[in-house]
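So you can see what is in the structure, the chains are spelled out below.
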Amino acid sequence: MNKITTKPVIFITGGTGYIGGTFLQLMLMRDYLNRFTISALVRRRDDAQRMRQLGIEPVIGTLDDLEIIRRESAKADIVFNTANCDHRESAIAIIQGLTKHSKETGKRPILIHTSGAGVLSDNSKGIGVAPEDDPTATIWDDTDFEAHTSIPMHAPHRFVDLEIFAAAKTGLVKTYLVVPPTVFGQGLGHFAEQRMSIQVPRLVYHSLMQRRAMYVGKGENQWTNVHVVDLAELYLLILDAALKDAAPEGLQGFYYPANEYFTWSAVAHRIAQVLHAKQLLATPVATTGLQSGWFWGSNVRMKCSNGVQLGWRPKNGGTQKMLADVEWDTTLMLRMLSMHK
Ligand SMILES: NC(=O)c1ccc[n+]([C@@H]2O[C@H](COP(=O)([O-])OP(=O)(O)OC[C@H]3O[C@@H](n4cnc5c(N)ncnc54)[C@H](OP(=O)(O)O)[C@@H]3O)[C@@H](O)[C@H]2O)c1
């Protein structure tokens, strides 16, 4: 007699995005569809059709369709939330769905939630000072869960992360918080390969608008980078380990995907070079004058000890590659701007 086995269900938000799309593509390349049923929230009908062609079940809706998100999360054994780390209501709906799943099945479902490294930005007020000149700047290590849990409420993304911690405390859901820094590089697959990241492309945009590439203060502040494919690899490692209860979880389940550190003045100078070569800026040199704030002016240096423990090794390049890829960021930005002419 044939034994009927049902595959665990993965539900992903943000599966058409830069991070989520790359991660989804990696799952397809590694035959995860043989092991899992995958469903993805999409907000466009043509994306739904493409998902279907790939063997992924589309769920049409937005992050504001809380009933849909609750329902799909309740059906799922695993949820990857990669859509918007500042959308608290959808995070709560996911947790409510997973909690229902847990109560009905007696099994603890998995939530892998994407936050952002702005939550680790220091107290320099984002004025571009070097870490050594900022007594509050530190190198964050994801094994130091006490340091992470004592981050103040007002830190970026924190108001959503606190919901994930509250879910962890119930013991009904296994939670894992991934905290990406500056993600760079070309994404993978149909959905992600033409999508932009956030911080560097937005600085390209800012430079075009201001006709000048700029950094904050002296631009000596440092951030951490990770290639999008390396980030996607970490998600898979966390998933595989979480299924075996072999990954730190809950109030110890932090993952800081970190490769190398860089200064924001180096990025601004590279943008100046690239835009000058395209005759879009008058000078190939960046100057001070960028608006202050955590986004481009703070220090965020971190280590991925928990990831390394799971076997994670970034292989797709660090700062040198990120600076080379400013060419790609610029191509995507110029393409997007020309679409809106
Ligand atoms: N990229 C980075 O460097 C970085 C670093 C740290 C943290 N993060 C965080 O990670 C998350 C994803 O970043 P990303 O770079 O992958 O962004 P992205 O390329 O803009 O992708 C966002 C994804 O979420 C979906 N989405 C957004 N709002 C939605 C809504 N209201 N309803 C349904 N779907 C929605 C998008 O769908 P559509 O395809 O329909 O637009 C897309 O699939 C963000 O919260 C971001 O802040 C990113």
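Refer to the structure above for everything that follows.
In this text the structure is predicted, and so the values were computed from the model without any measurement.

Cut-offs applied
- Residues numbered from 1 in each chain as written.
- Predicted model: local features only at pLDDT ≥ 70, side-chain atom pairs only at ≥ 80, totals over all residues.
- Heavy atoms only, no water.
- Salt bridge = Lys/Arg side-chain N within 4 Å of Asp/Glu carboxyl O.
- Buried < 20%, exposed > 50% of the residue type's maximum accessible area, 1.4 Å probe, protein only.
- Near = heavy atom within 4 Å.
- Polar contact = N/O pair within 3.5 Å; in protein donor to acceptor, adjacent residues only side chain to side chain.
- Nonpolar A, V, L, I, M, F, W, Y, C, P; charged D, E, K, R; others polar.
- Helix = DSSP H or I, 4+ residues; strand = E, 2+ residues; numbered from the N terminus.
- Pairing = 2+ DSSP bridges.
- Patch = residues over 30% accessible without salt bridge, like charges linked within 9 Å, V, L, I, M, F, W, Y side chains within 5 Å.
- Areas by Shrake-Rupley, 256 points an atom, 1.4 Å probe, with all protein chains shown as cover.
- Phe/Tyr/Trp six-rings, centres within 6.5 Å; stacked < 30°, edge-to-face > 60°.
- Contact = heavy atoms within 4.5 Å.
- Expected span 1.5 Å × (residues − 1).
- 1 Å grid on protein atoms, 1.4 Å probe; cavity = no way out; pocket = protein on both sides within 12 Å on 5 of 7 lines; lining within 4 Å.
- Points joined across faces, edges and corners; volume = space filled by probe spheres on them.

Caption draft 1: Quick look at the pattern of salt bridges. Scanning all chains against the criterion turns up 15 salt bridges. The closest approach of N and O atoms between R44 and D47, which form a salt bridge, is 3.0 Å. Assessed through its relative accessible area of 41%, R44 is described here as partly exposed. By sharing partners, the salt bridges in this structure join R71, E72 and K75 into a single network.

Caption draft 2: View of the site of the ligand. Taken together, 24 residues form the shell around the ligand, and within it T16, Y18, R43, C85 and R195 come nearest. A distance of 3.3 Å separates an oxygen atom of the ligand from a polar atom in the backbone of G14. With respect to the ligand, the backbone of V183 contributes an N or O atom lying 3.1 Å from an oxygen atom. Looking at the shell around the ligand residue by residue, the classes come out as 10 nonpolar, 11 polar and 3 charged.

Caption draft 3: Structural detail: the pairing of strand β10 (residues 222-227). The buried count for β10 comes to 6 of 6 residues, which makes it a mostly enclosed element. Here β10 shows two buried faces, one formed by Q222, T224 and V226 and the other by W223, N225 and H227. In the sheet, strand β8 (residues 182-184) pairs with β10 via 3 bridges, with the strands oriented parallel. What sits directly across from V183, in β10, is V226. Judged from the 3 bridges that link them, β10 and strand β12 (residues 261-263) form a sheet pairing that is antiparallel. Bridging across to β12, T224 finds its partner in Y261.

Caption draft 4: How the structure looks around a nonpolar patch on the surface. A cluster of nonpolar side chains, M153, F159 and L162, forms an exposed patch at the surface whose accessible area comes to about 260 Å². With relative accessibility at 32%, the residue L162 sits in the partly exposed group.

Caption draft 5: Representation of the packing of aromatic side chains. Inspection of the entire model under this criterion finds 9 aromatic pairs. Ring geometry for Y32 against F36: centres 5.7 Å apart, planes inclined by 20°, an arrangement best described as stacked. Taken individually, Y32 and F36 each receive the classification buried, so the pair is uniform in this respect. Arranged with centres 5.4 Å apart and planes meeting at 85°, the rings of W294 and F295 form a pair that is edge-to-face. Residue classification places F295 among the partly exposed positions, given a relative accessible area of 22%. Among the aromatic residues, ring-to-ring pairing joins W223, W294, F295 and W296 into one connected group.

Caption draft 6: How the structure looks around the side chain of H157. Here H157 lies in the loop between α6 (145-149) and α7 (158-170). Within the local environment of H157, its side chain forms a polar contact with the side chain of D86, the two groups lying 2.8 Å apart. Those residues in contact with H157 that sit more than four places away from it in its chain are C85, D86, S115, G116, G118, V119 and W294.

Caption draft 7: Molecular detail of helix α15 (residues 326-339). With 14 residues, α15 extends 20 Å between its outermost C-alpha atoms, agreeing within 8% with the 20 Å of an ideal straight helix rising 1.5 Å per residue. Taken residue by residue, α15 has V326, W328, D329, T330, L332 and M333 as its buried positions. Contacts from the buried residues of α15 go to α9 (199-210), α11 (264-277) and α14 (319-324).

Caption draft 8: Spatial organisation of empty space enclosed by the protein. Tallied over the full model, the rule gives 1 cavity of 30 Å³ or more. By volume, the largest cavity is sized at about 40 Å³. Contributions of two or more residues to the lining of the largest cavity are made by α1 (18-29) and α8 (189-192). Ranked by residues supplied to the lining of the largest cavity, first place goes to α1 with 4 residues. In the lining of the largest cavity, the residues fall into 4 nonpolar, 5 polar and no charged.

Caption draft 9: Seen up close, unusual backbone geometry. Here the phi dihedral of R211 falls at roughly 55°; this positive angle occurs in a residue that is not glycine. In this fold, R211 is placed in the loop between α9 and β9 (214-215). The class for R211 is exposed, based on a relative accessible area of 66%. Phi at D245 is positive, roughly 55°, even though this residue is not glycine.

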